[in-house]
Amino acid sequence: MKNKLLALTAVILASCTPAYADLGDVQKYITETYRVPQHEADHIIQTTIEQAKNHNLNPSVVLGIMETESNFNKNVISSKGARGLMQIMPVHRAKIRTVLSQNGGNIHTPNNNIAVGSMLLKELVEKHGYRRAIMAYFGNMKSDTYLNKVLNNKRNFDRLIEL
């Protein structure tokens, strides 16, 4: 099953861009760095690729935001009430309800959390372009620190994918 999932993910990534052909190093990085079980890391990667493709986003940016926001902890809740992998704020109730009505589950489910986060990021990219969208995702248009963390994480994922 694991090999089929990785093969399917590689096919999806290859259709997005030729650079995304091998995901073993990405999965290993997430598993070893953040102690995420291998099957969960595989699922997070697959879902990220699907949602990035659906919303015309760079999967490495989505993974970079996820790493910055939650360290790949699907159950994390911030002091401000942001939830899950992409730290979705309760203010986005309408998008959350839309996704949950289609998929079931809750906002901590990786499919739902990544779907809502990708929808939000897509809107921000269309409005601001990638760099400012990343700052807006954080909620602070002047946060170079957050932007730099996400971009460093993105570059790391790009590098892992190219190995």
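The structure we're discussing is the one just above.
Quick caveat, the model's predicted, so the values are computed rather than measured.

### Digging into the packing of aromatic side chains
Step number 1: A complete count under the given rule lists five aromatic pairs for this structure.
Step number 2: Seen from their ring centres, Y29 and F157 are 5.7 Å apart, and the 85 degrees between their planes marks the pair as edge-to-face. With Y29 in helix 2 (residues 24-34) and F157 in helix 8 (residues 144-162), this residue pair connects regions lying 128 residues apart in the sequence.
Step number 3: On the accessibility criterion, F157 (0% relative accessible area) is buried.
Step number 4: Between F138 and Y146 the ring centres are 4.2 Å apart and the planes differ by 10 degrees, which places this aromatic pair in the stacked class.
Step number 5: Looking at F138, the relative accessible area reads 42%, which means it is partly exposed.
Step number 6: In this structure an aromatic cluster arises from ring pairing among Y29, Y34, F72 and F157.

### Thoughts on unusual backbone geometry
Step number 1: Despite not being glycine, N71 has its phi angle at roughly 55 degrees, a positive value.
Step number 2: By secondary structure assignment, the location of N71 is in the loop between helix 4 (59-70) and helix 5 (93-103).
Step number 3: For F72, which is not glycine, the phi dihedral falls at a positive 65 degrees.
Step number 4: Considering the arrangement of structural elements, one finds F72 in the loop between helix 4 and helix 5.
Step number 5: With relative accessibility at 3%, the residue F72 sits in the buried group.

About the thresholds
Residues numbered from 1 in each chain as written. Predicted model: local features only at pLDDT ≥ 70, side-chain atom pairs only at ≥ 80, totals over all residues. Heavy atoms only, no water. Phe/Tyr/Trp six-rings, centres within 6.5 Å; stacked < 30°, edge-to-face > 60°. Helix = DSSP H or I, 4+ residues; strand = E, 2+ residues; numbered from the N terminus. Buried < 20%, exposed > 50% of the residue type's maximum accessible area, 1.4 Å probe, protein only.

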